[in-house]
Amino acid sequence: MSNEYGSRSSRHERRSSRWAKKDSDVVEAAANQAIKHLEETEDQTAERTSRQKLTHGKTLRIPLATYGLLTGLSILLALSFYAFPLWKPVATASQSQNLYSGFAMHHGLVPYNDFYGTGGSIFYLINWLGNTGGSTWLLWLFEIIALLISGILTYRLVSQQTRNHTASLTVSVFTLVIIAGLARGGDSPTLFALPFALWGAQFLSQYFQDSSTDRGFIRFGMAAAFALVISPVMSIFFILSALALVIYNISIRRIGHGFYQMLASILGVLLVGYSVAYYSLEAQTVYTSIEQSVLIPFTHFGPSGDLLVTLAKALVLTLIFGIVAGFVQGLVQLKKGGPARIWYVMLLIGIVGVTTIVVFAQTFDSSNLLAVLPFTVVFAGLSLKDSDQILLKYLQNRLFAPILAILFVIFTPISYHFMNRTIASEEQNVAQYIQANAKSYDRVYVVSDGKNINNLTKTISTLDNVPANYPVKFTQNYDLKVGKLTDKYVVLQAAQEVPASLKKVLDKDYKVSNYSGKYFQVYQKK
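Calculation rules
Residues numbered from 1 in each chain as written. Predicted model: local features only at pLDDT ≥ 70, side-chain atom pairs only at ≥ 80, totals over all residues. Heavy atoms only, no water. Pairing = 2+ DSSP bridges. Helix = DSSP H or I, 4+ residues; strand = E, 2+ residues; numbered from the N terminus. Axes fitted to C-alpha atoms, helices over the stretch in contact; angles between N-to-C directions. Contact = heavy atoms within 4.5 Å. Patch = residues over 30% accessible without salt bridge, like charges linked within 9 Å, V, L, I, M, F, W, Y side chains within 5 Å. Areas by Shrake-Rupley, 256 points an atom, 1.4 Å probe, with all protein chains shown as cover. Salt bridge = Lys/Arg side-chain N within 4 Å of Asp/Glu carboxyl O. Lys, Arg positive; Asp, Glu negative; His and termini not counted. Charge placed at Lys NZ, Arg CZ, Asp CG, Glu CD. Buried < 20%, exposed > 50% of the residue type's maximum accessible area, 1.4 Å probe, protein only. UniProt positions renumbered as here; feature names shortened; annotations may be inferred.

Read across the open sheet, the 4 strands follow the order 1-2-4-3; overall the sheet is mixed. Two strands in the sheet have a free side with no partner beyond their single neighbour: strand 1 (444-447) and strand 3 (510-512). Shown here is a sheet whose adjacent strand axes are inclined to one another by a mean of 25°, direction ignored. Relative to strand 2 (residues 489-493), strand 1 is paired through 4 bridges, and the arrangement is parallel. The residue bridging Val447 from the neighbouring strand is Leu492, located in strand 2. Contacts from helix 18 (residues 421-437) reach strand 1, strand 2 and strand 4 (520-525), with the element oriented near 15° to strand 4.

Set out below in structure tokens:
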């Protein structure tokens, strides 16, 4: 019996040993599988990190010769800007007003309060800095830098999309031409805000290529805030892009990522916003800056001039500078958008929306069409992928309009100066008369389209002309102020409507000077 028990016990031990061995084999196999999985995961992570570094390197490494080419082209194109002191005396009406703003601020005037403004607070701060020393050389340098940075950011954006140097260089070069053409003289809010919007476009393009990281959204918010306080119309790009991010994160159920991105972006906005708010509080322009640069432009529509003429101008500019072509390219790229498809839809909406806002504003300013460029430039590089003849493909996509854009940049300033040469000549005559008879501290109020006479005489004005698209309360405020006018000279341009309140003051307190001219009449304080 003991032998039988011993035999059963031995069999039980052998069976248990086999089971233990099987269990050990299963555990060992599972462990090996886990180790293999971890190794594969580490390899994949390393590969992805390496790929991201390689992509980042390809995107950001720009040949030194390319930097030189973009810099030289930026300087050459900037020669058409009116901040270049040689051309400043013949600036267009809107450009002369912007150039005047920096000079006026150096003499104690405050934007939005002492003279009207359409740009953001930082735009006028740039003009103030640019007029340091009494000339606009520094402002011209700022314009070159803004132009150059825009070209570099465009190069990087297209490099991300195509990994092709020729495509990147082609798009960036023609983009510089487009910027110079639409800036219409250089000193415009959209030119200085454009680099921030292009950085935002590059950032989001990279994000939708690899959305594994949420880094950089504080800077995205800061860029949006800078765009807002320089050129409010440029901030539409960030608003629509942020909306695209929200929809994208909800669609792929990444609510946590979206919430973090929102908080980071808001933090970035606040970092800039509080600084600008402090500056505005010091200058007492918080409400007036918001009213004149945001509320009025975005709530008052309907061209004050001939609608057909405005539409004709807008059509020519949108065709020549590739806005229409950019929209068509965007439609083509929708089906290839992948994760970025929602963003592309928002970009297409932005092209239509911003163009409509600019065209149907009460005062049509073609430089505001620059706000459409960040929407269209995203599609410019995508259309050149896998193309052997990059330059020809780019020109064909835009119906060879870039060639017309080059001609536009060259000949538009020349034709403008030719058509307005007699008025420009008389402005200089008026300036010489005032300089010969006025003291350095005397003020001169000019009723004309622009501020060229003030810029030529280096004088400021107590009053500013109320823009035609401003509400009635501004005209009423003007009527109250004009009764206390103390400027030594008042210059009236022929064919300009003179307010009734100003006529009364001229009849009472001023006399016609001995200056005689065809386009201007000069009144002197009695």
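On the surface, a cluster of positive charge is made up of Arg163, Lys335, Lys336, Lys385 and Lys393. Looking at where Arg163 falls in the secondary structure, it is placed in the loop between helix 5 (137-162) and helix 6 (165-183). By relative accessible area, Arg163 is classed as partly exposed at 34%.

With that settled, the discussion passes to a nonpolar patch on the surface. Taken together, the side chains of Leu392, Phe400, Ile403, Leu404, Ile406, Leu407, Ile410, Phe411 and Ile414 make up a nonpolar region of the molecular surface, amounting to roughly 780 Å² of accessible area. The greatest single-element share of the nonpolar patch, amounting to 7 residues, is contributed by helix 17 (residues 401-419). When you line up the elements, Phe411 lands in helix 17.

Once that is clear, we can look at the UniProt feature "transmembrane region" (unreviewed entry) in the chain. According to UniProt, the positions carrying the feature "transmembrane region" (unreviewed entry) are residues 64-84, 138-158, 164-183, 220-247, 259-281, 307-330, 342-363 and 399-419. Helix makes up 86% of residues 220-247 and strand 0%, with an end-to-end C-alpha separation of 17 Å.

Quick look at the pattern of salt bridges now. On inspection of all chains with the given rule, the structure shows 3 salt bridges. Two residues, Glu291 and Lys473, come together in a salt bridge whose shortest N-O distance is 2.7 Å. With Glu291 in helix 11 (residues 286-299) and Lys473 in helix 20 (residues 472-482), the pair connects residues that are 182 residues apart, well separated along the chain. Put simply, Lys451 and Asp464 hold a salt bridge, and the shortest N to O gap is 3.0 Å. With a gap of 13 residues between them, Lys451 in the loop between strand 1 and helix 19 (452-457) and Asp464 in the loop between helix 19 and helix 20 connect regions that are remote in the sequence.

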